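Understanding the architecture of this molecule
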Amino acid sequence: QVQLVESGGGLVQAGGSLRLSCAASGSIFSINRMGWYRQAPGKQRELVADITTGGYSNYPDSVKGRFTISRDNAKNTVHLQMNSLKPEDTAVYYCNAYGRWSISAPNRDYWGQGTQVTVSS
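All of these numbers come straight from a predicted model, not from anything done at the bench. (Residues numbered from 1 in each chain as written. Predicted model: local features only at pLDDT ≥ 70, side-chain atom pairs only at ≥ 80, totals over all residues. Heavy atoms only, no water.)

1. Focus: the state of the cysteines
Counted under the stated rule, the structure contains 1 disulfide. In this model cysteine 22 forms its disulfide with cysteine 95; the gap between the sulfur atoms is 2.1 Å. Because the torsion about its S-S bond is -85°, the bridge between cysteine 22 and cysteine 95 counts as left-handed. With cysteine 22 in strand β3 (residues 18-26) and cysteine 95 in strand β9 (residues 91-100), the pair connects residues that are 73 residues apart, well separated along the chain. (Disulfide = S-S within 2.5 Å. Helix = DSSP H or I, 4+ residues; strand = E, 2+ residues; numbered from the N terminus.)

2. Some words on the layout of surface pockets
Rolled over the atoms, a probe as big as a water molecule pinpoints where empty space is left. In this structure, the largest pocket occupies an estimated 190 Å³ of space. Arg38, Lys43, Glu46, Glu88 and Asp89 are, among the 13 residues lining the largest pocket, the residues nearest its centre. Tallied by class, the residues present in the lining of the largest pocket amount to 2 nonpolar, 4 polar and 7 charged. (1 Å grid on protein atoms, 1.4 Å probe; cavity = no way out; pocket = protein on both sides within 12 Å on 5 of 7 lines; lining within 4 Å. Points joined across faces, edges and corners; volume = space filled by probe spheres on them. Nonpolar A, V, L, I, M, F, W, Y, C, P; charged D, E, K, R; others polar.)

3. Overview of the nonpolar core
Nonpolar side chains in soluble globular proteins generally cluster together in the buried interior. Membership of the largest hydrophobic core comes to 28 residues, with the highest contact counts inside it found for Trp36, Leu80, Met82 and Tyr93. Within the residue set of this core, elements represented by two or more residues are β1 (2-7), β3, β4 (30-39), β5 (46-52), β7 (67-72), β8 (77-82), β9 and β11 (115-120). In contact with leucine 80, other than residues within four places in its own chain, are Leu18, Arg19, Leu20, Trp36, Val48, Ala49, Phe67, Thr68, Ile69 and Tyr93. (Core = buried A, V, L, I, M, F, W, Y, C linked by side-chain atoms within 4.5 Å. Buried < 20%, exposed > 50% of the residue type's maximum accessible area, 1.4 Å probe, protein only. Contact = heavy atoms within 4.5 Å.)

As structure tokens, this is what we get:
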């Protein structure tokens, strides 16, 4: 199976920056899409950014221009550079990978354990 381990969360003042990293390990046959989601207290989990194997990235308007996602396909890692952070960016951030662990297995979503990002005003 695929395991995802995140790092890089923490506490930062508004206007500051943080970089999140996520590494996929385990039995990996292929990973199609990798990305980041976040969930604030009392809210639904939402997409922050995702990126395909070919490098096509996607952002919601709330983070466009401030966040940048990047990926190393050879290392199965994905990073999220977050600049100009706002208090409303405070949430638990989850790494996501969509792929399969063997040639005979179906594609499915895999999730990391989450890392807290707190932006103080």
